[in-house]
Amino acid sequence: MTKSIFRDGDVIAGALTAALGTYITVTAARWDVMGPEGPGPGFFPVGYGIALIILSLILIFQRFTAARHTEEDRPFDWAGFRRAAITWVAFTASTALMPTLGFYISFGLLTLFLGLFVFEKPVKSALTAGVLSAVGFYLVFDMALDVSLPAGMLGF
Amino acid sequence: MNRRILLTTALAMGAALVAPAAHAQWKPTRPIELVVHSGPGGGNDVMGRALVSAIDEAKLSPVRIQVSNKVGGGGATAASYLSEKKGDPHVIGIFTSVWVTNPLVQQEANVSMRDLTPISLMVLEPALIVVRADSPYKAMAELMDAAKANPGKMKQSGGSPLARDALVRTVLQAKTGGRWAFISFPSGGERISALLGGHVDMMVIEPQEAGELIRSGKIRALAQVTDARLPDFKDIPTLKEAGFDVPNPPQPRGVVGPPGMAPDVLAYYVDLIARANKSAGWQKFLRDGILEENLLGPKETAEFLAKTETQMRGILTESGVKLVR
Amino acid sequence: MDIFAGLAHGFSVALMPSNLLWCLVGCFLGTIVGILPGLGPAATIAMLLPMTYSMSPTSGIIMLTGIYYGAKYGGSTTSILLNMPGESSSVVTCIDGYQMARKGRAGAALGIAAIASFIAGSFGIIALSVMAPPIAVFALSFSSPEYFALMALGLALVVLLAGDSLVKGLIALLVGLWLTSIGTDLFTSQSRFTFGQTSLLSGLDFMIVAIGVFAITEVLSSISDQEETQVLPVPKGFRNLLPNWEELKACRFAFANGSIVGFIIGVLPGAGASIASFISYGIERAFSRHPEKFGTGVPEGVAAPEGANNADTGGALIPLLTLGIPGGGTTAILLSALVLWGVKPGPLMMTESPDVFWGLVASLYIGNVMLLILNLPMVPLFAQILRIPVYILHPLIFGVSVIGAYSVAGRVFDILMLAGFGALGFAMARLKFPVAPLVLGFVLGDAMERALRQSLMMSQGDLSILISRPISAGMLIFAVGVLFLPLLPRFRRLKEAAS
């Protein structure tokens with residue numbers, strides 16, 4: 001099966017970075033590029049913005065010319081991607097909870113969640129891991145080292 | 001100046017005495033968070049920690065005071081953190097002049113000193129204008145004449161265009177008609193290195209940074225940016241004495257609270273700062289740092305800041321910085 | 001006082017039992033601070049400073065400085081074991097150190113890091129004691145054009161870090177340059193790419209970017225690949241936990257390179273340990289006989305940056321002690337400590353406070369030995385961390401990363417940025433973009449832009465300032481040479497393909 005070239009990773013990445021390059025260049029061009037006292041805040045960004053556009057186009061171009069013989073036909077690992085995505089969402093969600101629940105509880109919950117749903121461990125081991133990690137972190141960073149961490153409603 | 005301190009202190013003491021009669025006197029019940037806008041080792045952090053240790057040493061606070069570094073945005077991060085703590089009596093912060101200037105030029109820095117509760121101005125930081133020891137300029141007038149004779153050729157190393165050293169340049173340029181380049185460096189170390197290496201011609205420097213280099217004959221001070229001569233630098237004329245009657249852009253540091261601080265809470269902190277100001281630890285810090293003691297109460301501090309803001313607006317506009325507010 | 005008399009006097013001070021004890025305390029605390037994210041040397045020193053008021057200045061500075069260089073020793077531990085830099089100067093160590101750990105050579109990598117730190121650290125200290133004043137003069141001759149050339153040299157080395165696709169490497173580099181310009185422009189106070197966020201005014205912190213694209217990405221990748229219960233192999237037996245003779249021999253040049261590069265860059269107030277470690281790594285690779293193996297876990301790739309960030313200590317203390325100029329946050333706080341104790345750091349300190357000056361220098365020799373003795377036996381112990389099952393270890397890495405990110409400025413916003421960079425790194429890994437150029441671009445970009453603009457302001461817009469000064473011209477020529485070095489075989493291949 002031949003994949004559509006537009007779903008090729010390099011082409012997508014190239015399109016994204018080209019868009020980023022355009023954004024950078026357009027934004028930076030509005031600032032002083034060359035002022036009376038020397039190069040302005042736009043000087044450098046305009047330079048690397050344009051370079052980014054050029055390189056992105058080269059990347060896409062390379063793919064179109066070389067697509068036929070370098071294509072590796074390994075199917076995309078959707079299951080793996082899903083696991084990583086769940087992990088990332090859980091991590092971000094636990095961060096969002098920190099201002100309310102505090103670091104230690106959020107972190108324990110994250111450990112519990114990952115143990116259950118990503119590593120598919122039995123409830124007992126996941127729960128133990130969650131509680132022990134949270135308590136361990138509390139002992140090391142709060143009690144022993146006095147590192148300040150996001151505190152929740154409960155004060156820790 | 002001395003009378004003003006006396007007055008403020010008396011006022012603060014008075015407030016502390018009167019307060020219990022009016023309403024129950026407030027006392028902190030949790031550790032107090034002292035917000036500073038620089039990382040460990042930065043000017044604000046050093047001042048915050050010196051204040052805390054002076055208070056601890058004199059046992060002035062019933063609870064622990066903890067310095068918390070909310071770094072970034074030239075004070076904007078710390079200011080916006082304080083503004084989020086509206087009504088929280090256990091958070092205070094250290095402000096400096098950038099808390100005044102930053103909101104003027106940055107759209108994102110949307111918390112000004114007027115939104116917060118000024119508690120006490122504590123110090124004014126003096127400055128010196130220095131050149132390298134082997135520089136041909138022995139007096140301020142010679143330096144300024146040279147700058148006028150070679151427009152754009154001479155260079156000054158400094159910090160951000162909002163910093164005091166840049167403002168001093170602006171007022172001097174406006175006064176003398178000379179023009180020279182202002183080259184920004186992120187850290188004090190790099191600014192001094194540029195001067196010592198002979199890559200720039202002059203610098204506006206804090207006396208404490210310059211003290212040892214002057215004493216060892218590496219650099220020479222031409223003038224001091226103060227209203228009166230500092231006791232440590234008796235031989236060096238002020239800008240006015242050197243013939244340059246320009247406004248001295250102040251570099252104030254003091255203590256500020258979140259918006260809407262209750263009067264009894266404010267009275268507590270005013271009293272705490274007034275007593276900390278007299279403590280041995282703080283007085284030593286002022287001496288070591290060659291800082292000018294300048295204690296003001298909340299009302300006077302607010303007035304001072306308002307005056308500073310107007311002055312800064314003028315100088316910044318003069319130097320070509322775009323104001324957003 | 002001449003150097004040997006000075007050193008002899010210094011040792012007589014540093015070897016006093018109380019000073020020895022404080023030196024040990026400082027080194028031990030420093031190691032812990034280096035290992036644990038969330039605790040930086042600068043914050044720790046600031047926290048402990050009030051406790052040292054009652055000590056003699058010499059004991060105080062010996063202990064606090066111990067924290068400073070001890071942290072650099074410890075910083076590599078998490079880089080190697082968890083792909084998570086403990087300190088900004090240990091970011092480069094992740095590249096080859098973590099790969100060595102993946103190959104079952106975690107103990108060896110930790111051992112090499114300790115040995116490289118010791119050798120280069122000692123070199124830095126010897127150089128500090130022998131030639132502090134002349135080196136300080138050299139450092140002052142460095143101005144913006146020279147800094148620009150140095151950063152350009154660093155960026156040229158990116159070509160070598162690019163991996164398979166030069167284009168992808170350069171794109172990653174440019175994205176790094178963009179990320180580093182987010183925030184307030186130093187010269188004009190113009191805010192750039194801040195999307196109206198107050199939190200972005202100060203820009204992104206290097207540690208958040210590095211922990212995101214290294215540690216978080218690594219966890220996501222390994223979860224995605226479903227690596228089983230134990231992350232990495234840990235060989236049995238004590239002998240396999242330490243570097244073997246071949247590995248040490250491969251590092252010969254790296255020890256010297258790290259020592260010299262780290263020391264020279266350390267002396268410059270405008271550079272710093274992370275830049276030193278990157279450049280040392282790049283040079284190591286440029287002159288290697290097997291550059292293609294870098295990034296797959298070669299011992300030189302650990303020795304060079306770890307050496308450089310420790311030699312940096314000796315260098316960084318020179319402007320501090322001889323001129324009273326701090327090069328960074330940690331040295332700034334050491335400076336304010338000295339002032340508090342009534343010692344006046346500056347050109348006269350060596351003669352007016354010989355006890356403090358030479359006592360400190362001598363304590364560095366002693367501390368360096370102590371650190372080696374403290375660290376080597378811990379190597380086998382630390383390597384056991386990798387035996388923790390993944391379902392505990394992976395969340396643990398998350399937790400430690402969060403602490404590292406939060407400690408930068410105390411904002412939950414930064415933890416969200418950390419998650420963002422984890423996702424970016426993961427996407428880059430899937431699309432086969434190398435992350436090292438991005439991180440390098442981030443470290444060097446800001447300093448490079450600054451140096452270029454400063455130079456042009458100094459010369460009133462005349463670009464020739466960059467090539468008319470000997471040191472700057474020399475480095476730029478070297479940078480161009482480095483650029484063409486790896487291109488040669490490519491051209492040859494192209495020619496062959498064409499004919």
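Parameters at a glance
Residues numbered from 1 in each chain as written. Chains lettered and ligands numbered in written order. Predicted model: local features only at pLDDT ≥ 70, side-chain atom pairs only at ≥ 80, totals over all residues. Heavy atoms only, no water. Helix = DSSP H or I, 4+ residues; strand = E, 2+ residues; numbered from the N terminus. Buried < 20%, exposed > 50% of the residue type's maximum accessible area, 1.4 Å probe, protein only. Contact = heavy atoms within 4.5 Å. Rg over C-alpha atoms; globule rule 2.2 N^0.38 Å. Pairing = 2+ DSSP bridges. Right-handed = clockwise from strand over helix to strand, strands pointing away. Axes fitted to C-alpha atoms, helices over the stretch in contact; angles between N-to-C directions. Buried area = accessible area lost by both parts, 1.4 Å probe. Salt bridge = Lys/Arg side-chain N within 4 Å of Asp/Glu carboxyl O. Polar contact = N/O pair within 3.5 Å; in protein donor to acceptor, adjacent residues only side chain to side chain. Expected span 1.5 Å × (residues − 1). Parallel < 35°, antiparallel > 145°, perpendicular 65-115°, else oblique. Left-handed = near helix turned anticlockwise from the far one by under 90°. Nonpolar A, V, L, I, M, F, W, Y, C, P; charged D, E, K, R; others polar. Domains from an automatic or database assignment. Phe/Tyr/Trp six-rings, centres within 6.5 Å; stacked < 30°, edge-to-face > 60°. Core = buried A, V, L, I, M, F, W, Y, C linked by side-chain atoms within 4.5 Å.

Along the backbone of chain A there are five helices and two strands. Counting from the amino terminus, chain A carries its helices and strands in the arrangement α-β-β-α-α-α-α. Expressed as a percentage of its 156 residues, the buried residues of chain A come to 42%. At a minimum sequence separation of 6, the contacts of chain A that also span at least 24 residues come to 59%.

The next point concerns the overall build of chain C. Scanning chain C for helices and strands turns up 24 helices and two strands. Taking 23 Å as the expected radius of gyration for a compact globule of 499 residues, we find that chain C reaches 22 Å, a close match to that expectation. A principal-axis box enclosing the C-alpha atoms of chain C has dimensions of 70 × 60 × 50 Å. Out of the 499 residues in chain C, the part that is buried amounts to 67%. Relative to all contacts within chain C whose residues are 6 or more apart in sequence, the contacts with residues 24 or more apart total 79%.

Our next topic: the pairing of strand β6 (residues 155–158) of chain B. Residues and elements named next belong to chain B. Burial along β6 is two-sided: Lys155 and Ser157 facing one way and Gln156 and Gly158 facing the other are all buried. Judged from the four bridges that link them, β6 and strand β7 (residues 181–184) form a sheet pairing that is parallel. Bridged to Gly158 within β7 is Ser184. For the crossover that starts at β6, traverses helix α6 (residues 164–176) and ends in the parallel β7, the hand is right-handed. Judged from the two bridges that link them, β6 and strand β8 (residues 202–205) form a sheet pairing that is parallel. Residue pairing in the sheet places Gln156 in a bridge with Met202 of β8.

Here we come to the sheet that holds β7 of chain B. Taken together, five strands build an open sheet; the order of strands is β7-β6-β8-β5-β9 (chain B) and the sheet is mixed. Where the open sheet ends on each side, the last strands, each with one partner, are β7 and β9 (219–224) of chain B. This sheet shows a mean twist of 30° between the axes of neighbouring strands, independent of strand direction. Running over the sheet, helix α22 (residues 436–458) of chain C touches β6 and β7 of chain B and is turned about 165° from β7 of chain B.

Now for the interface of chain C and chain B. Counting from both sides, the interface comprises 51 residues of chain C and, opposite them, 48 residues of chain B. Taken together, the two surfaces of chain C and chain B that pack against each other cover about 3,700 Å², and 59% of this comes from carbon and sulfur. At the boundary of chain C and chain B, one finds one salt bridge. For Arg215 of chain B, the salt bridge identified is with Glu352 of chain C, shortest N-O distance 2.7 Å. There are eleven residue pairs in polar contact (both at pLDDT 80 or more) connecting chain C and chain B. Looking at which element gives the most residues to the side of chain C that touches chain B, the answer is helix α16 (residues 329–340) of chain C, with six residues.

Here the focus is the sheet that holds strand β10 (residues 252–257) of chain B. Residues and elements named next belong to chain B. Spatial strand order, β2-β1-β3-β10-β4-β11: six strands in an open sheet with mixed pairing. The sheet terminates laterally at β2 (65–69) and β11 (292–296), the two strands that pair on one side only. The sheet shows a mean angle of 25° between the axes of neighbouring strands, taken without regard to direction. The sheet strands contacting helix α9 (residues 263–278) are β1 (32–36), β2, β3 (91–96), β4 (117–124), β10 and β11, and the helix crosses β4 at an angle near 10°. Against the sheet, helix α11 (residues 298–318) engages β3, β4, β10 and β11, with an angle of about 75° to β4.

Opposite the 56 residues of chain A that make contact, chain C presents 57 residues. On the chain A side of the contact with chain C, Phe44, Tyr48 and Phe91 of chain A bury the most area, a combined 13% of that side's loss. Applying the counting rule to chain A against chain C returns one salt bridge. On inspection of chain A and its partner chain C, the count reaches eight residue pairs in polar contact (both at pLDDT 80 or more).

Once that is clear, we can look at the environment of Pro269 of chain C. All names here are of chain C. Looking at where Pro269 falls in the secondary structure, it is placed in the loop between α13 (252–267) and α14 (273–286). Residue classification places Pro269 among the buried residues on the basis of a relative accessible area of 7%. Measuring from C-alpha to C-alpha, the distance between Pro269 and Gly328 comes to 7.4 Å, with 59 residues separating the pair along the chain.

To continue, consider helix α1 (residues 9–29) of chain A. Compared with an ideal rise of 1.5 Å per residue, which puts 21 residues at 30 Å, α1 of chain A spans 30 Å between its outermost C-alpha atoms and is within 8% of the ideal. Listed in full, the buried residues belonging to α1 of chain A are Asp10, Val11, Ala13, Gly14, Thr17, Ala18, Leu20, Gly21, Ile24, Thr25, Thr27 and Ala28 of chain A.

Once that is clear, we can look at the pattern of salt bridges. All names here are of chain B. According to the stated counting rule, one finds 25 salt bridges over all chains in the structure shown. The closest approach of N and O atoms between Glu309 and Arg114, which form a salt bridge, is 3.0 Å. Highlighted residues: Glu309 in helix α11 and Arg114 in the loop between α4 (98–105) and β4, separated in sequence by 195 residues. Residue Glu309 is classed as buried on the basis of its relative accessible area, which comes to 13%. Overall, Arg114 belongs to the exposed group, its relative accessible area being 63%. One salt bridge in this structure joins Glu309 and Arg313, with 3.1 Å as the shortest N-O distance.

On to the packing of helix α7 (residues 106–141) of chain C against helix α15 (residues 300–323) of chain C. All names here are of chain C. It is at 6 Å that the axes of α7 and α15 come closest, and there the two elements cross at 30°. On the basis of their axis angle, the class for α7 and α15 is roughly parallel. Both α7 and α15 take part in a crossing whose hand is right-handed. Class assignment for the residues of the contact of α7 with α15 results in 16 nonpolar, seven polar and one charged.

Turning to unusual backbone geometry, a few remarks are in order. Residues and elements named next belong to chain C. Although it is not a glycine, Asn83 adopts a positive phi angle of roughly 60°. Positionally, Asn83 belongs in the loop between α5 (76–82) and α6 (91–102). Look at Asn83 and you get buried, because its relative accessible area is 6%. A positive phi angle, close to 65°, is found at Ser189, a residue other than glycine.

By domain assignment, chain A separates into domain 1 (5–70) and domain 2 (78–144). Using C-alpha coordinates to define each centre, domain 1 of chain A is positioned 38 Å away from domain 2 of chain A.

Bringing the packing of helix α3 (residues 78–101) of chain A against helix α21 (residues 412–430) of chain C into the picture now. Two quantities define a packed helix pair, namely the angle between the helix axes and the distance between the axes. Axis separation between α3 of chain A and α21 of chain C bottoms out at 9 Å; the angle between their running directions is 170°. Here α3 of chain A lies roughly antiparallel to α21 of chain C, going by the angle between them. Residue-level inspection shows Phe81, Ala84, Trp88, Phe91, Thr92, Thr95, Met98 and Pro99 of chain A of α3 of chain A in contact with α21 of chain C, the latter providing Val412, Ile415, Leu416, Leu418, Ala419, Gly420, Ala423 and Phe426 of chain C. Residue composition of the contact of α3 of chain A with α21 of chain C, by class: 13 nonpolar, three polar and no charged.

Glancing now at the packing of aromatic side chains. Taken as a whole and judged by the stated rule, the model has 27 aromatic pairs over all chains. Consider the rings of Phe357 of chain C and Trp358 of chain C, whose centres lie 5.0 Å apart with planes at 85°: the pair is edge-to-face. For Phe357 of chain C, a relative accessible area of 2% corresponds to the buried category. Taking the relative accessible area as the measure of exposure, Trp358 of chain C reaches 3% and is therefore buried. Taken together through their ring pairs, the aromatic side chains of Phe103, Tyr104, Phe107, Phe137, Tyr138 and Phe141 of chain A make up a single cluster.

Residues and elements named next belong to chain B. Judged by how many residues are buried, strand β5 (residues 128–132) sits mostly within the fold: four of five residues are covered. One ladder, built from three bridges, connects β5 with β8; its direction is antiparallel. Bridging across to β8, Leu128 finds its partner in Ile205. The pairing of β5 with β9 spans five bridges and is classified as antiparallel. Across the sheet, Val131 pairs through a bridge with Arg220, a residue of β9.

Next up on the list: the nonpolar core. Counting residues in hydrophobic clusters, the biggest one holds 225 residues, and the most contacted among them are Phe103 of chain A together with Leu64, Leu179, Phe214 and Leu438 of chain C. In terms of residue count, α7 of chain C provides more of this core than any other element does, 17 residues in total. The residues touching Phe103 of chain A, leaving out its near neighbours within four places in the chain, are Met98, Phe137, Leu149, Pro150 and Phe156 of chain A together with Gly399, Val402 and Ile403 of chain C. Ala54, Val265, Leu266 and Ile273 of chain B belong to the second-largest nonpolar core, a separate cluster that totals 35 residues.

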